[in-house]
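An overview of the molecular structure
Letter by letter, the chains look like this.
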Amino acid sequence: MTDPKKIVLLGATGSIGDSVLRVIRKHQDSLELLGISGHSNFAKLIEIAKEFKVPHAHLVKEPGNIGSFPETTRFSFGNKALLELASMEESDICVVAIVGAAGLQPTLSAIESGQDIVLANKESLVMGGELVMKTAKERDVRIIPADSEHNAVFQCIQGECNRQLESIILTASGGALRDTPIEKLPEVTLEETLLHPNWSMGPKVTIDSATMANKGLELIEAHWLFGLPPEKLEVVIHPSSITHAIVRFIDGCCLAQLSPPSMTFALQNAILFPNRLEGVEQSLDFSKPIDLSFYPPSPKRFPCLQLARESLQAGGSAPLAFNASNEIAVEAFRANRIGFMEIPSIIKDTLNMHDSSQAHSLEELLNLDSDIRRLAHERVLAHS
Ligand code: NDP
Ligand code: MG
């Protein structure tokens, strides 16, 4: 029997973190949790450390007391210690399940350390795709996609020749508001936006799913992971969220990956790759009817999708600006400062106002990111 793979799980206290823990719980002979991180949910971090006897636990925010960890857990806090956890020598895989732009720096640290990366944090590729992919190539590191659509593509292209790929079709549920009349969208509440029909996810990605900014981020993520230009990246609405992506080859044949709408399938595939073991949850039941319908997204209903595509076509810092302005707009929507349809307006204004440039280093990317956030904040003020 081979030794279990040692895993560092960044963002252990979140929704993806929960699904990864389900996979590890199921496969304790094959997987071992070496380190975990959270941002501020101290109680949950302690709970996970206790259950999985985790040697290293980390919180970004300094907690009031550090008393209740098991004696065998070494606890740290702060940004520097997060990067140390991300780059632990003993680790075989770093799962990056931090939400938002905060994932970029730990992803780069983990890549620098030479371990495999299981990447759920799409924002790091959207912000710094060129730097992330270049560093991974230099360090000979595998980036295995955990986002369900990208993991589906990853599964479909195993053993295939990249040059024979014609296009990638990412499926989208359409989110919580896909059937809400368009004229009602400016008035929808945060609670309505968070009622996702199929997926249980963290709040940011659930809102991004309703605006389809999420699929926009995923187009950019797919560009960096699979090296296809924007015109070869398609998006289709698939309300049942069972087909996660479709790969079209130059001969016209399409391959798809199907599984129920739960992240444990993609995450287990990515973490155990290239092995397969029994899944955490039941597979599809074909003894009952399954709806596999597809239809194109309406640009009027989902303007964020087109904005993301335009930012990918523009290149340079435009995708970073798309991501930063979306994060600021979503925060403002969650704080009830702007309406739902002002999210795309703020992204559009910010994209129009920012001076596109190239950032080649982490420092340049982070500086650009904070400049763009300032610009997006001003747009929020103008709207609220
Ligand atoms: P959640 O909000 O549920 O969890 C986010 C995690 O990141 C938590 O552990 C949180 O800690 C931590 N975190 C938050 N802010 C920071 C920060 N500034 N620095 C370090 N850690 C931080 O998000 P999800 O699990 O839904 O999403 C995680 C990532 O995975 C996102 O990039 C998302 O787009 C992607 N993704 C998610 C899917 C899903 O099904 N949820 C599907 C596909 C991709 P704390 O809990 O302490 O606040
Ligand atoms: Mg996805």
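Our structure's up above, just so we're on the same page.
What comes next is a walk through the structure. What you see as residue numbers is a count from 1 along each chain, following the sequence as written. In the order they appear in the text, chains get letters beginning with A and ligands get numbers beginning with 1. With the structure being a predicted model, the display of local features is reserved for residues of pLDDT at least 70 and the display and counting of side-chain atom pairs for 80 or more, all residues being used for whole-chain, interface and lining totals. As a rule here, side-chain values come from all non-hydrogen atoms in the structure, and water together with hydrogens is ignored.

1. Things to note about the overall build of the protein chain
Numbering of helices and strands starts at the N terminus; helices are DSSP runs of H or I of at least 4 residues and strands are runs of E of at least 2. When you go through the protein chain residue by residue, the secondary structure sums to 14 helices and 11 strands. Radius of gyration: over C-alpha atoms. The globule rule applied is 2.2 Å multiplied by the number of residues raised to the 0.38 power. Taking 21 Å as the expected radius of gyration for a compact globule of 384 residues, we find that the protein chain reaches 20 Å, a close match to that expectation. In terms of principal-axis extent, the alpha carbons of the protein chain reach across some 55 × 50 × 40 Å. Three labels apply to residues, based on accessible area from a 1.4 Å probe with only protein chains included: buried if under 20% of the type maximum, exposed if over 50%, partly exposed otherwise in between. Counting all 384 residues of the protein chain, 56% fall into the buried class. Contacts between residues were defined by any pair of non-hydrogen atoms, one from each residue, lying within 4.5 Å. The contacts in the protein chain between residues at least 6 apart in sequence include a share of 67% that link residues at least 24 apart. As presented, the protein chain carries roughly 17200 Å² of accessible surface, and 50% of it is formed by carbon and sulfur atoms. His is not counted, nor are the chain ends, whereas Lys and Arg count as positive and Asp and Glu as negative. Positions of charges follow a simple convention, taking NZ of Lys, CZ of Arg, CG of Asp or CD of Glu. In the protein chain, which carries 34 positive and 48 negative side-chain charges, the distance between the mean positions of the two groups comes to 2 Å. In this description, accessible areas are obtained by the Shrake-Rupley approach with a 1.4 Å probe, and a residue is regarded as covered only by the protein chains that are shown.

2. A short note on the site of ligand 1
The full set close to ligand 1 counts 24 residues, and Thr13, His39, Ser40, Asn41 and Glu123 are the nearest of them. Within the backbone of His39, an N or O atom sits 2.8 Å from an oxygen atom of ligand 1. Nitrogen and oxygen atoms within 3.5 Å of one another constitute a polar contact, given that in protein one can donate a hydrogen and the other can accept it, and given that sequence-neighbouring residues count only through two side-chain atoms. Glu123 is positioned with one of its side-chain polar atoms (N or O) 2.7 Å from an oxygen atom of ligand 1. Its free accessible area being 900 Å², ligand 1 has 85% of it covered by the protein chains. Where the shell around ligand 1 is concerned, the elements lending two or more residues are α1 (15–26) and α5 (122–138). Taken together, the residues of the shell around ligand 1 sort by class into 11 nonpolar, 10 polar and three charged. Nearness is defined per residue: one heavy atom within 4 Å of the molecule or strand is enough. When residue character is reported, Ala, Val, Leu, Ile, Met, Phe, Trp, Tyr, Cys and Pro are called nonpolar, Asp, Glu, Lys and Arg charged, and the others, Gly included, polar.

3. As for the environment of Leu381
For Leu381, the location among the structural elements is in helix α14 (residues 362–383). Classification of Leu381 by relative accessible area gives exposed; the value is 55%.

4. Considering the pairing of strand β8 (residues 165–172)
Looking along a regular strand, one sees side chains alternate from face to face of the sheet. The element β8 is largely enclosed, with a buried count of seven among its eight residues. Alignment of β8 against strand β10 (residues 243–249), held across five bridges, turns out to be antiparallel. Its bridge partner lying in β10, Ile168 is registered against Val247. Following DSSP output, two strands are said to pair if at least two bridges run between them. Examined bridge by bridge, β8 and strand β9 (residues 233–237) share five bridges and lie parallel to one another. By the bridge assignment, Thr171 is partnered in β9 with Val236.

5. Focus: the coordination of the magnesium ion (ligand 2)
Protein coordination at the magnesium ion (ligand 2): the donors are Asp147 (OD), Glu149 (OE) and Glu218 (OE), at 2.1 to 2.2 Å from the metal. Sodium, potassium and calcium take a 3.2 Å donor cutoff, other metals 2.8 Å, and in both cases only N, O and S atoms count; water is not among them, so sites may look incomplete. Each donor residue of the magnesium ion (ligand 2) lies on one chain, and together they are spaced D-x1-E-x68-E. Summarising the burial analysis for this pair, Asp147 and Glu149 share the class buried.

6. Here we look at the pattern of salt bridges
Definition used for salt bridges: Asp or Glu carboxyl oxygen within 4 Å of a side-chain nitrogen of Lys or Arg. Inspection of every chain in the model, using the stated rule, returns 20 salt bridges. Here Arg142 ties to Asp116 by a salt bridge, and the two come within 2.7 Å at their closest N and O atoms. A residue pair is termed long-range when its members are at least 10 positions apart, and Arg142 in the loop between α5 and β7 (143–145) and Asp116 in strand β6 (residues 116–119) qualify at 26 residues. Accessibility expressed as a relative area gives 18% for Asp116, which makes it buried. Salt bridges sharing partners connect three or more residues here, namely Lys122, Asp147, Glu149, Lys215 and Glu218.

7. Looking at the packing of aromatic side chains
Each Phe, Tyr or Trp ring (for Trp, its six-membered ring) is paired with any other whose centre lies within 6.5 Å, and the angle between the two planes then decides the class: stacked below 30 degrees, edge-to-face above 60, tilted in between. Scanning the model with the defined rule gives six aromatic pairs in all. Here Phe75 and Phe77 contribute two aromatic rings whose centre-to-centre distance is 6.4 Å and whose plane-to-plane angle is 35°, an arrangement assigned as tilted. Classification of Phe75 by relative accessible area gives buried; the value is 17%.

8. Description of the packing of helix α12 (residues 318–334) against helix α13 (residues 342–353)
Note on definitions: angles span 0 to 180 degrees between N-to-C directions of axes, and those axes are lines fitted to C-alpha atoms, for helices only across the stretch in contact. Between α12 and α13, the least distance of the axes is 8 Å, while the angle of their chain directions is 145°. Every pair of crossing elements has a handedness; the one defined by α12 and α13 is right-handed. The residues of α13 that touch α12, namely those facing Ala318, Ala321, Phe322, Ser325, Asn326, Ala329 and Phe333, are Ile343, Ile346, Ile347, Thr350 and Leu351. When its residues are assigned to classes, the contact of α12 with α13 shows nine nonpolar, three polar and no charged. Helix crossings get a hand from a simple test, with the near helix turned counterclockwise from the far one by less than a right angle marking a left-handed crossing and a clockwise turn marking a right-handed one.

9. Some points on the packing of α12 against α14
Axis separation between α12 and α14 bottoms out at 9 Å; the angle between their running directions is 45°. As far as their axial angle goes, α14 and α12 are oblique. As α12 packs across α14, the resulting crossing turns out to be right-handed. The residues of α14 that touch α12, namely those facing Leu320, Ala321, Asn323, Ala324, Ser325, Glu327, Ile328 and Ala332, are Leu365, Leu368, Asp369, Ile372, Arg373, Ala376, His377 and Val380. Along the lines of polarity and charge, the residues of the contact of α12 with α14 split into 10 nonpolar, three polar and three charged. We call two directions roughly parallel when the angle between them is under 35 degrees, roughly antiparallel when it is over 145, roughly perpendicular when it lies between 65 and 115, and oblique otherwise.

10. Observations concerning the sheet that holds β8
Judged by pairing direction, the sheet is mixed, and its four strands sit side by side in the order β9-β8-β10-β11 without closing on themselves. Each edge of the open sheet carries a strand with a single partner, namely β9 and β11 (254–258). Recorded for the sheet is a direction-independent mean angle of 20° between the axes of neighbouring strands. Seen against the sheet, helix α6 (residues 148–156) touches β8, β10 and β11 and runs at an angle of roughly 40° to β10.

Just geometry here; none of it tells us what the structure is for.
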